Amino acid sequence: MTEIDTLTIHRPDDWHVHLRDGQMMEAVLPYTAQQFGRAIVMPNLVPPVMTAKAGAEYRDRINKALPSGSTFEPLMTAYLTDNTDPADLEAGFKDGIFTAAKLYPAGATTNSDSGVTNFANIHAVLDKMEELTMPLLVHGEVTDPSIDIFDREHVFIKRVMEPTLDRYQGLKVVFEHITTSAAVDFVRSQGPRVGATITVHHLMINRTDIFKGGIHPHLYCLPIAKREQHRLALREAATSGEAQFFLGTDTAPHAVNAKESACGCAGIFSALSAVELYAQVFDEEQALDQFEAFASLNGPAFYGLDPNADKVTLKREAWQVPDAIEVADGSTVQPFLAGETLNWKLV
Ligand code: NCD
Ligand code: ZN
């Protein structure tokens, strides 16, 4: 088989991004905007983006911070709480402010303390979303402290996903950043109204990597990476080209001193080289022919959008991921695989 050295595809989108705000946003946004046409922007700011008004204001701040000439389009999400007003959510969706709403079980991850404590509290919201066909994006981990951290996604499927999908037969759901073979099987079993994002770090690392030769805080994220068998199941799903699986980096920047700490926070900053990293995975799996479906076609189709009109080209070329990027407040952020050599480059 002849080796492919260049690949031209419709411009990808990132269906799960943390852009943060202020100086951190200014530092990380150019990387996402350079590679992707659009991105689903997560609402877990402090305080979270809970109303259509807050969503519109956050979108304005992102657009102002974009490099000049950028055509990147942020797609905003509402952060669901026990008190979300269905009427405000509906107005935000109909006005084109919100593309989707994000469900964080309270306490599941970074900045999720005001998330939903009990599904009984959001029945009216989910009824409304089902009626509007507004996608529900789910951080799929139980927060029960008695459940082992490596089992929290698997347990969430039985305890929450199944009953929710049963009750809301028309609700569109994205199972965000899936990390287990159980989630892959579950998504497949549900048919086209359920999609899943897959991060590049979950395609590249397993849980042993987090502890290889010592603890690696920059490989700590939630959901935490699982066993090798799960990484392989995710690679199989992503490279299958199947419509339910699409690109979502979950790039989640934190300052180095917040990661390298006695209680380091969860999140991997992969935006710097996201498209290249995914291309490398597809190349390793000899599945570059499926890359465009995963990166550029399946996501828009799920969200009812057209693919981006413009194209990007990747070429086989070795380059080194920088050790750090600078934030104007003096902090730095360490990119995923800092210092390592990648073998695909966006032209
Ligand atoms: C995310 C963050 O830092 O905002 N962290 C992470 O580990 N993925 C939150 C999230 O998506 O869980
Ligand atoms: Zn996330």
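Refer to the preceding data block for the structure.
Remember, it's a predicted structure, so these values are computed and weren't measured experimentally.

Asks: Please set out the nonpolar core residue by residue, giving values where relevant.
Replies: Counting 99 residues, the largest nonpolar core has M129 and F291 as its most contacted members. Per element, the largest residue contribution to this core is 7 residues, and it comes from helix α10 (residues 274–284). The residues touching M129, leaving out its near neighbours within four places in the chain, are L80, L89, A101, M134, P135, L136 and L171. The next biggest cluster of nonpolar side chains, apart from the first, holds 12 residues, and it includes I40, L75, Y79 and V174.

Asks: Account for the sheet that holds strand β2 (residues 14–17), with residues named and values stated.
Replies: Strands sit in the order β2-β3-β4-β5-β6-β7-β8-β9 across an open sheet of 8 strands; the sheet is parallel. Where the open sheet ends on each side, the last strands, each with one partner, are β2 and β9 (245–247). Pairs of neighbouring strands in the sheet enclose a mean axial angle of 30°, with direction left out of account. Taken together, the 3 bridges between strand β5 (residues 98–103) and strand β6 (residues 136–138) define a ladder with parallel strand orientation. By the bridge assignment for β6, L103 is matched with V138. Its contacts with the sheet place helix α6 (residues 181–190) against β7 (173–175), β8 (194–198) and β9, and it is angled at close to 150° to β8.

Asks: Tell me what's going on with the pairing of strand β3 (residues 38–41), and back it up with residues and numbers.
Replies: Here β3 shows two buried faces, one formed by R38 and I40 and the other by A39 and V41. Bridging between β2 and β3 involves 2 bridges; their strand directions are parallel. Counterpart to V17 in the pairing with β3 is V41. Read from β2 through helix α1 (residues 22–35) to β3, the crossover connection turns out right-handed. Bridge analysis of β3 against strand β4 (residues 73–79) gives 4 bridges, and the strand direction is parallel. Counted as the bridge partner of R38 is E73 from β4.

Reading the values: rules and limits
Residues numbered from 1 in each chain as written. Chains lettered and ligands numbered in written order. Predicted model: local features only at pLDDT ≥ 70, side-chain atom pairs only at ≥ 80, totals over all residues. Heavy atoms only, no water. Core = buried A, V, L, I, M, F, W, Y, C linked by side-chain atoms within 4.5 Å. Buried < 20%, exposed > 50% of the residue type's maximum accessible area, 1.4 Å probe, protein only. Helix = DSSP H or I, 4+ residues; strand = E, 2+ residues; numbered from the N terminus. Contact = heavy atoms within 4.5 Å. Pairing = 2+ DSSP bridges. Axes fitted to C-alpha atoms, helices over the stretch in contact; angles between N-to-C directions. Right-handed = clockwise from strand over helix to strand, strands pointing away.

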